[in-house]
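Now for the letters of each chain:
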Amino acid sequence: MSRFWDKILTPQMLKRIGTGAVALFAFLVLIDPLIPKHGYFEIEETPSFGGLFGLAATAALVVVGLVLGAVFSRRRYDDE
C-alpha cells in the first residue's frame, strides 16, 4: 500500500469508519418500520425485507461464483 493510504487509513480512522457504519445501519433499521412500503407481493412490505433479500442475493452470487470458478479452473486432461 502506498504511504498516502498508510497515513489516511490508520487504526483509529478504521475504527471511526466502522463505528459510523454501524451507527448508520442501526439508524436505518430503526426508521425502517416508519417508512410506508407499497410492495407488489405481501412479503415485500415486511420490515427489513430489502436488506435480507439483498443479503441472500449477495450470498447466492458468491456461491455461484465459487462454483463457476471451480468448474472453469479444473485441469483438462484431454489437452495432453
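What counts as what
Residues numbered from 1 in each chain as written. Predicted model: local features only at pLDDT ≥ 70, side-chain atom pairs only at ≥ 80, totals over all residues. Heavy atoms only, no water. pLDDT = per-residue confidence, 0-100. Helix = DSSP H or I, 4+ residues; strand = E, 2+ residues; numbered from the N terminus. Phe/Tyr/Trp six-rings, centres within 6.5 Å; stacked < 30°, edge-to-face > 60°. Buried < 20%, exposed > 50% of the residue type's maximum accessible area, 1.4 Å probe, protein only. Salt bridge = Lys/Arg side-chain N within 4 Å of Asp/Glu carboxyl O. Patch = residues over 30% accessible without salt bridge, like charges linked within 9 Å, V, L, I, M, F, W, Y side chains within 5 Å. Areas by Shrake-Rupley, 256 points an atom, 1.4 Å probe, with all protein chains shown as cover.

1. Quick look at the confidence of the model for the protein chain
- Per-residue pLDDT for the protein chain has a mean of 86; in total, 92% of the residues score no lower than 70.
- Taken element by element, the protein chain is modelled with least confidence in helix H1 (residues 3-8), mean pLDDT 80, and with most confidence in helix H3 (residues 49-72), mean pLDDT 92.

2. Concerning the packing of aromatic side chains
- Using the criterion set out here, one finds 2 aromatic pairs in the structure.
- Between Tyr 40 and Phe 41, the ring centres sit 5.0 Å apart and the planes meet at 90 degrees, which makes this aromatic pair edge-to-face.
- Phe 41 gets classed as exposed once you look at its relative accessible area, which sits at 51%.
- Aromatic side chains Phe 49 and Phe 53 sit 5.7 Å apart centroid to centroid with 25 degrees between the ring planes, which places their arrangement in the stacked category. Highlighted residues: Phe 49 and Phe 53, both in helix H3, separated by 4 residues, approximately one helical turn.
- Given a relative accessible area of 23%, Phe 49 falls into the partly exposed group.
- Residue class for Phe 53 comes out exposed when judged on its relative accessible area of 54%.

3. Concerning the pattern of salt bridges
- This model, assessed by the stated rule, comprises 1 salt bridge.
- Taking the shortest distance from any N to any O, the salt bridge between Lys 37 and Asp 32 comes out at 3.3 Å.

4. Looking at a nonpolar patch on the surface
- On the surface, a cluster of nonpolar side chains totalling about 640 Å² of accessible area is made up of Phe 4, Trp 5, Ile 8, Leu 9, Met 13, Leu 14 and Ile 17.
- When residues of the nonpolar patch are traced back to their parent elements, those giving at least two are H1 and helix H2 (11-31).
- When you line up the elements, Trp 5 lands in helix H1.

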